[in-house]
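Survey of secondary and tertiary structure
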Amino acid sequence: MVHRRSAKLASWQIWLLALSGMGLWLSGCGWLLLHYYGQKQGEFGPEMNPVEPWMMKAHGLFLIPALLGIGGMFIAHIPKGWAHRHQRIAGVALCVVLAALIASGYMLYYVGDEDLRAWTSLAHWTIGLGLPVVFLWHYLNGLRARRRI
């Protein structure tokens, strides 16, 4: 593998992470919009939009390749990237945000306490909405660093 000598991701890894990340973000936003603004008035009050569960299923489906891509970064991208001091803060911030999303997503699936679940949900979608900003910071910072070399 050519890229094991540098922190640069292979093109298949970039595509895997970009498509799965975009799918996660869009399905999460879709669920959020449907959950809070897509309810229909039923006979006994507000009813869940029938597409909402499908957004959750799509979200879970996109998670699988995203986790594979994130795990693959531990092979070369993170260890080799640690040598680039200008990228450390952005890289660590991205790792913290991803770890928080993974942990809160796990909690949403398994926590039964409704109060904790409500706070976890709020944290999960708030952090998730901000993820593209942290990712762009890391990505653009890396492009600027490559131009300096």
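Time to look at the overall build of the chain. The helix and strand tally for the chain stands at five helices and two strands. Listing the helices and strands of the chain from first to last along the sequence gives α-β-β-α-α-α-α. By its C-alpha atoms, the chain is 65 × 30 × 25 Å across when sized along the principal axes. Burial statistics for the chain: of 149 residues in total, 30% are counted as buried. Sequence-distant contacts in the chain: of pairs separated by 6 or more residues, those separated by 24 or more amount to 71%. Roughly 10500 Å² of accessible area belongs to the chain as shown, and the carbon and sulfur atoms make up 71% of that amount.

Residues Leu9, Ile70, Met73, Leu94, Val97, Leu98, Leu101 and Val134 constitute the largest nonpolar core, which totals eight residues. Ranked by residues supplied to this core, first place goes to helix α4 (residues 85-110) with four residues. The contact partners of Leu94, leaving out residues within four places of it in the chain, are Leu131, Val134, Phe135 and His138.

With that out of the way, let us pick up helix α2 (residues 52-72). The α-helix winds at 3.6 residues per turn, so residues separated by three or four positions along the chain end up facing the same way. Taking 1.5 Å of rise per residue, the 21 residues of α2 would be expected to cover 30 Å, and the 31 Å separating its terminal C-alpha atoms lies within 8% of that figure. Bending of α2 peaks at approximately 25° at the position of Ile64, with proline Pro65 no more than four residues after it. Within α2, burial applies to Glu52, His59, Ala66, Gly69 and Ile70. Of the surrounding secondary structure, the elements contacted by the buried residues of α2 are α1 (11-37), α4 and α5 (114-148).

Parameters at a glance
- Every chain's residues receive numbers from 1 upward, in the order its sequence appears when written.
- Local features in this predicted model are restricted to residues whose pLDDT is 70 or higher, and side-chain atom pairs enter the listing and the counts only when it is 80 or higher, whereas totals over whole chains, interfaces and linings include all residues.
- Note: side-chain values were computed over all heavy atoms of the structure, leaving out hydrogens and water.
- The helix count covers DSSP runs of H or I at least four residues long, the strand count covers runs of E at least two residues long, and both are numbered beginning at the N terminus.
- Think of it in three bands: residues with accessible area under 20% of the maximum for their type are buried, residues over 50% are exposed, and the middle band is partly exposed, with areas taken using a 1.4 Å probe on protein chains only.
- By the convention used here, residues are in contact when the closest approach between their heavy atoms is within 4.5 Å.
- In these tables, accessible area is a Shrake-Rupley quantity obtained with a 1.4 Å probe, and a residue counts as shielded only by the protein chains included in the view.
- By nonpolar core is meant a set of buried Ala, Val, Leu, Ile, Met, Phe, Trp, Tyr and Cys residues that side-chain atoms within 4.5 Å join together.
- Multiplying 1.5 Å by the residue count of a helix minus one yields the expected span of that helix.
- Throughout, bend refers to the angle between the axes fitted to the seven residues that end at a position and the seven residues that start at it.

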